[in-house]
Amino acid sequence: MPVFNRGERVRISESKRDSEKIYIVKDIKKVRKGGALYLLKSLEKNSVLRLCYENNESLLERIS
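These numbers were taken from a predicted model, which means no experiment stands behind them.

Asker: Honestly, the pairing of strand E4 (residues 49-54) in this entry has me stumped. Any pointers?
Answerer: Remember that side chains alternate between the two faces of the sheet whenever the strand is regular. In this structure, strand E3 (residues 36-42) lies alongside E4, joined through 6 bridges in antiparallel fashion. Bridge pairing in E4 places Leu-40 opposite Arg-50. A loop of 6 residues connects E3 with E4, the two strands running antiparallel in sequence.

Set out below in C-alpha cells:
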C-alpha cells in the first residue's frame, strides 16, 4: 500500500544532489512485486517530472 497520497509534498532524502528540491506526488501505481511507483513533479519554475520506486525502504520524506 502506498505511504503517500496524491498532492502531498515530498523530498527525496537519499539524493545528495537534489535533496533541496521539493516535489508534489502527481500519480501512484502499485507494483506487482510489491512497493509503489510515484510520479513526482518539482515545484520549480522549470518543473521536472521524476519517477521514484519504493519498496521496504523509503527514499521519500513528507514535507509539512
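That was the structure; now back to the text.
Asker: Mind showing me how you'd approach the environment of Gly-35 here?
Answerer: With respect to the helices, strands and loops of the structure, Gly-35 is situated in the loop between strand E2 (23-30) and E3. Overall, Gly-35 belongs to the partly exposed group, its relative accessible area being 32%. Counting along the chain gives 19 residues from Gly-35 to Glu-54, while the straight-line C-alpha distance between them is 5.4 Å. When neighbours within four sequence positions are excluded, Gly-35 is seen to be in contact with Lys-30, Tyr-53, Glu-54 and Asn-55.

Asker: Please clarify how the pairing of strand E1 (residues 9-12) should be interpreted in this entry.
Answerer: With burial as the criterion, only one face of E1 is covered, namely that bearing Val-10 and Ile-12; the residues Arg-9 and Arg-11 on the opposite face remain uncovered. Relative to E2, E1 runs antiparallel, the two sharing 2 bridges. Residue Arg-9 lies in a different strand from E2, and its bridge partner there is Ile-24. In terms of strand pairing, E1 meets strand E5 (residues 60-62) through 3 bridges, oriented antiparallel. Among the inter-strand pairings, Arg-11 is bridged to a residue of E5, identified as Glu-61.

Asker: Before we go on, may I ask you to explain the sheet that holds E1 in this structure?
Answerer: Strands in a sheet are paired, the pairing made by backbone hydrogen bonds, and the direction either parallel or antiparallel. Strand order in the open sheet made by the 5 strands is E4-E3-E2-E1-E5, with antiparallel pairing throughout. Each having just a single partner strand, E4 and E5 make up the two edges of the open sheet. Strand-to-strand, the axes of this sheet are offset by a mean angle of 45°, without reference to chain direction.

Reading guide: rules and limits
Residues numbered from 1 in each chain as written. Predicted model: local features only at pLDDT ≥ 70, side-chain atom pairs only at ≥ 80, totals over all residues. Heavy atoms only, no water. Pairing = 2+ DSSP bridges. Helix = DSSP H or I, 4+ residues; strand = E, 2+ residues; numbered from the N terminus. Buried < 20%, exposed > 50% of the residue type's maximum accessible area, 1.4 Å probe, protein only. Contact = heavy atoms within 4.5 Å. Axes fitted to C-alpha atoms, helices over the stretch in contact; angles between N-to-C directions.

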